[in-house]
Amino acid sequence: MSVVAREVLAAYLTAAVLVAVGFGLVRAALAWGMERRLDARQTLRVGRVTLGLAVLLPFVALAAREWMPSAPLFKFERSLAGFAAPLTPVEARPVLGAAPRPRSSGLGLPGAMVGVGLVGVGALAFLAWELRRYARLRWKLATLPVLRRVGRVRVVLGDGAFSVWFPGGGAWVVVPAEVLEDAEALRLTVRHELQHHRQRDTVFAYARLGFDSAFFWNPFTRAFSRWLAERQEFACDEALVAVRHVSAEAYARCLLQASLRVPAALSLPAGVTGMSHPTVRRIHMLFQPRPRSSVRTLGLSLSLALVLAPLALWAQGAARGRAVSLTEARALAEAGRKAGDLPVVVDAAVVEQLNTFVTTPKGRDFMRKALANLQAHREAMTGTLRSRSLPEGLLAVAMVESAVSNLPETSREPSMAPGPRGAGVWMFIPETARRYGLKVEAGRDERLDVARETEAAAALFQALYERYGDWRLALAAYNQGEGVVDRVLAETGVRDVSELVRTGKLNGYTATVQAGVLLLRNPHLLD
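Quantities reported herein were computed from a predicted structural model and do not represent experimental measurements.

Participant: Residue-level account of unusual backbone geometry, with values.
Facilitator: Positive phi values are uncommon outside glycine, yet Arg-200 reaches one of about 65 degrees. Considering the arrangement of structural elements, one finds Arg-200 in the loop between helix H5 (183-198) and helix H6 (201-214). Phi at Val-404 takes a positive value of approximately 55 degrees, unusual for a residue other than glycine. Within the element layout of this structure, Val-404 appears in the loop between helix H14 (395-402) and helix H15 (430-435).

Structural data, given as structure tokens:
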């Protein structure tokens, strides 16, 4: 799974958790006295704001981290999401006639990918099912007798009482045949359902439908959605009694009669305003005092935001774990830049490889081993590089080639470099080793002499840089050979290695080494 996919999945799961947290906070605040200080419409508004914050804040936090890095971002926490990701295999381009280097086995298809697939399929299936029910409902409404029109709203006679709006298909109010026996009940039922259209509940229904579909597996989602539907009914009741000057006694009588006349609730698509009415609670609410201060609504909403926003940022960082963004990687490269050292050009390929090193068990183990082994040879190897005025960052080549392990050609120890397998710390193949003065014979292999091999590697690096005048092209030639690099440059006329890697003209070895340079300068990323 790519880094972007992992981050989006982490944001999605964070949103699912925040929905539960936000719902609990709202219910707790109301239970601890806020319900007496807010009217039903204010409570509904607070619930909608909380739901919006819970769903959007993780994705806002994800976007904010890309353009606003800060110092603490470089101290990473452990993450189960990081352990679920497989080691990304490095695409090898074997040299003609050379045996391909065996690759270390990956972890297979990660469970996270399976989970994403199941959630995606389930969400689409839920949404398709509900949209199909909407389509069938719309077709059925067109066949029902129209009692009258109120503006653009058609009042029709059907089963149950509910209101619905279809984009491009008009607004509808459905009333049951039972209320025709009572003119007052009919009038109040129609006014109640029209109020759903006035306060845009029938439009918000589609947002609830998307919310229910995206988090269909989350029981807190269903509970939050049902609670919002209930508050919509309370808000409509309140609006009729408080604003429309309907008698509370007459409206309570209508609710009681409706519960007796229409005992069964219809099965309606998710988000449609019809519901099984909690008659007793609604009647009690009609006779309660209704506070009108909007300051409390704003205050409660801001308080919830101040709780959810830090949780979203923390959860996003914890779920993201060690993963490094492009912005952060560039900041690391800039902070570690030294005059005369190997320049690091951070692009998407470098970030991808860096995250392979820091977010997967195999990547971390390999690079930790490389850094540990480097301690024994670093002073001598650095001295050889400096004697030829070469950058110390070239030590990253030995890190990705062999984990700075002095390995024979027959070793099966893993390597992060594509291509034919060599020997020694710098993984020279026999032909190149002999070309730079190393003896490779039966019983004697100077590739296993770290001092001699480092001198040969330094000479090779010097020759490659003099040839290309670009360290990334020199690194590409170190792995794939001068012939491959010369041919690519002649065919494309492009010297930008990032572009050549992106188009597949060169393999990802340069990105791997540059990621190794970042780890060489920032070993704390592996803590």
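Participant: Lay out the nonpolar core in plain terms, naming residues and giving numbers.
Facilitator: Ranked by size, the top nonpolar core spans 69 residues in total, and within it Leu-354, Leu-394, Val-397, Trp-426 and Phe-461 carry the most contacts. Apart from residues lying up to four places away in sequence, Trp-426 is in contact with Met-381, Leu-394, Leu-395, Val-397, Ala-398, Glu-401, Glu-453, Thr-454, Ala-457, Phe-461 and Tyr-478. Residues Leu-18, Ala-40, Leu-51 and Leu-57 belong to the second largest nonpolar core, which totals 29 residues.

Participant: Any details on the packing of aromatic side chains? Residues and values, ideally.
Facilitator: On inspection of all chains with the given rule, the structure shows 13 aromatic pairs. The interplanar angle of 10 degrees and the centroid separation of 5.0 Å between the aromatic rings of Tyr-12 and Phe-215 together place this pair among those described as stacked. Of this pair, Tyr-12 sits in helix H1 (residues 3-31) while Phe-215 sits in the loop between H6 and helix H7 (219-242), placing them 203 residues apart in sequence. The burial state of Tyr-12 is the same as that of Phe-215; both residues are buried. Between Trp-165 and Tyr-206, the aromatic rings sit 5.7 Å apart at their centres with planes inclined by 85 degrees, giving edge-to-face as the arrangement. With Trp-165 in strand S3 (residues 162-166) and Tyr-206 in helix H6, this residue pair connects regions lying 41 residues apart in the sequence. On the basis of relative accessibility, which here comes to 22%, the residue Tyr-206 falls in the partly exposed class. Aromatic rings pair up to connect Tyr-12, Phe-211, Phe-215 and Trp-217 into one cluster. Lying across the ring of Phe-204, Arg-48 places its NZ or CZ 4.0 Å from the centre. When the ring centre of Trp-172 is taken as origin, the NZ or CZ atom of Arg-154, which lies over that ring, is 4.0 Å away.

Participant: Run through the sheet that holds strand S4 (residues 170-176), naming residues and quoting values.
Facilitator: Backbone hydrogen bonds are what pair the strands of a sheet, in a parallel or an antiparallel way. Pairing is mixed in the open sheet, where 4 strands are placed in the order S1-S2-S4-S3. Looking along the sheet, the strands with just one partner apiece sit at the ends: strand S1 (146-150) and S3. If you compare each strand with its neighbour and ignore which way they point, the axes differ by 25 degrees on average. In this structure, S3 lies alongside S4, joined through 5 bridges in antiparallel fashion.

Participant: Please provide a residue-by-residue account of the pairing of S4, values included.
Facilitator: Burial of S4 is extensive: 6 of the 7 residues sit out of reach of the surface. Pairing of strand S2 (residues 153-158) with S4, which is carried by 6 bridges, proceeds in the parallel orientation. Paired with Gly-158 across the two strands is Pro-176, which belongs to S4.

Participant: I'd like to hear about the packing of helix H13 (residues 361-387) against H14, residue by residue, with values.
Facilitator: Interaxial distance between H13 and H14 falls to 9 Å at its minimum, and their mutual angle equals 140 degrees. Our classification of the angle between H13 and H14 gives oblique. Handedness of the H13/H14 crossing: right-handed. On H14, the residues touching Phe-366, Met-367, Ala-370, Leu-371, Leu-374, Arg-378, Met-381, Thr-382 and Leu-385 of H13 are Leu-395, Ala-398, Met-399, Val-400 and Ser-402. Across the contact of H13 with H14, the residue classes break down as 11 nonpolar, 2 polar and 1 charged.

Participant: Go over the environment of Ala-235, please, and point to the residues and values.
Facilitator: Within the secondary structure, Ala-235 sits in helix H7. The spacing of Ala-235 and His-196 is 39 residues in sequence and 8.9 Å in space, taken between C-alpha atoms. Ignoring anything within four residues of it in the chain, the contact list for Ala-235 reads Ala-40, Arg-41, Leu-44 and Gln-199.

Participant: Could you give an account of the packing of H13 against helix H20 (residues 509-521), naming the residues involved and the relevant values?
Facilitator: Their axes nearest at 11 Å, the elements H13 and H20 cross at an angle of 70 degrees. When the axis of H13 is compared with that of H20, the two are roughly perpendicular. For the element pair H13 and H20, the recorded crossing hand is right-handed. Contacts between H13 and H20 involve Met-367, Leu-371, Leu-374 and Arg-378 from the first element and Gly-516, Leu-519 and Leu-520 from the second. When the residues that make up the contact of H13 with H20 are grouped by side-chain class, the tally is 5 nonpolar, 1 polar and 1 charged.

Participant: Just give me the short version of the confidence of the model for the chain, but keep the residues and values in it.
Facilitator: In this model, the chain carries an average pLDDT of 82, and 80% of its residues clear a pLDDT of 70 or more. Contacts of residues 68-109 to residues separated by more than four positions or lying in other chains number 91 contacts, the stretch itself having pLDDT below 50.

Participant: How would you summarise helix H12 (residues 348-359) if you had to cite specific residues and measurements?
Facilitator: Between its first and last C-alpha atoms H12 spans 16 Å; for 12 residues at 1.5 Å apiece the expected length is 16 Å, and the two agree. Within H12, 9 of the 12 residues are buried, leaving the element largely enclosed by the surrounding structure. Looking at H12, one finds that the buried residues are Val-350, Val-351, Gln-353, Leu-354, Asn-355, Thr-356, Phe-357, Val-358 and Thr-359. Here H12 starts with a cap whose side-chain oxygen sits 3.2 Å from the backbone nitrogen of Ala-349, and that cap is Asp-347.

Participant: So, the pattern of salt bridges: which residues are in play, and what are the values?
Facilitator: Inspection of the entire model under this criterion finds 22 salt bridges. With a closest N to O distance of 4.0 Å, Lys-140 and Asp-159 form a salt bridge. Here Asp-159 lies in the loop between S2 and S3 and Lys-140 lies in helix H4 (residues 111-143), a separation of 19 residues in the sequence. The partly exposed category is assigned to Lys-140, whose relative accessible area is 40%. A salt bridge links Glu-482 to Arg-467, with the shortest nitrogen-to-oxygen separation between them at 4.0 Å. In this pair, Glu-482 sits in helix H18 (residues 482-492) while Arg-467 sits in helix H16 (residues 450-468), placing the two residues 15 residues apart along the sequence. By relative accessible area, Glu-482 is classed as buried at 17%.

So, how was this worked out
- Throughout this description, residue numbers start from 1 for each chain and increase along the sequence as written.
- Local features in this predicted model are restricted to residues of pLDDT 70 or higher, and side-chain atom pairs are both shown and tallied only at a pLDDT of 80 or more, whereas totals for entire chains, interfaces and linings draw on every residue.
- Computation of side-chain values: all heavy atoms of the structure, hydrogens and water removed.
- Going along the chain from the N terminus, every DSSP run of H or I of four or more residues is numbered as a helix, and every run of E of two or more is numbered as a strand.
- Here, nonpolar core refers to any group of buried Ala, Val, Leu, Ile, Met, Phe, Trp, Tyr and Cys residues whose side-chain atoms link them within 4.5 Å.
- Buried means the residue's accessible area, taken with a 1.4 Å probe over protein chains only, is under 20% of the maximum for its type, while exposed means over 50%, and partly exposed covers the values in between.
- Here a residue-residue contact requires only that any non-hydrogen atoms of the pair lie within 4.5 Å.
- Only the six-membered ring of Trp is used, alongside the rings of Phe and Tyr, when aromatic pairs are assigned; centres must lie within 6.5 Å, and planes under 30 degrees apart are stacked while those over 60 apart are edge-to-face, with the rest tilted.
- Only lysine NZ and arginine CZ atoms are considered, and such an atom sits over a ring when it is within 6 Å of the ring centre and within 35 degrees of the ring normal.
- The rule for pairing is simple: two strands pair if DSSP sees at least two bridges between them.
- For every element, the axis is a line fit to its C-alpha atoms; helices are fit only across the contacting stretch, and the angle between N-to-C directions ranges from 0 to 180 degrees.
- The scheme is simple: roughly parallel for angles under 35 degrees, roughly antiparallel for over 145, roughly perpendicular for 65 to 115, oblique for anything else.
- By definition, turning the near helix anticlockwise from the far helix through less than a right angle yields a left-handed crossing, and turning it clockwise yields a right-handed one.
- For this classification, Asp, Glu, Lys and Arg are treated as charged, while Ala, Val, Leu, Ile, Met, Phe, Trp, Tyr, Cys and Pro are nonpolar and the rest, including Gly, are polar.
- Confidence of the predictor in every single residue is expressed as pLDDT, which spans 0 to 100.
- Expected helix span is given by 1.5 Å per residue-to-residue step, counting one fewer step than there are residues.
- Contacts described as polar in this section are N or O atom pairs within 3.5 Å, which, within protein, must combine one atom able to donate a hydrogen with one able to accept it, while residues neighboring in sequence count only if both atoms come from side chains.
- We define a salt bridge as a contact between a side-chain nitrogen of Lys or Arg and a carboxyl oxygen of Asp or Glu at a distance within 4 Å.

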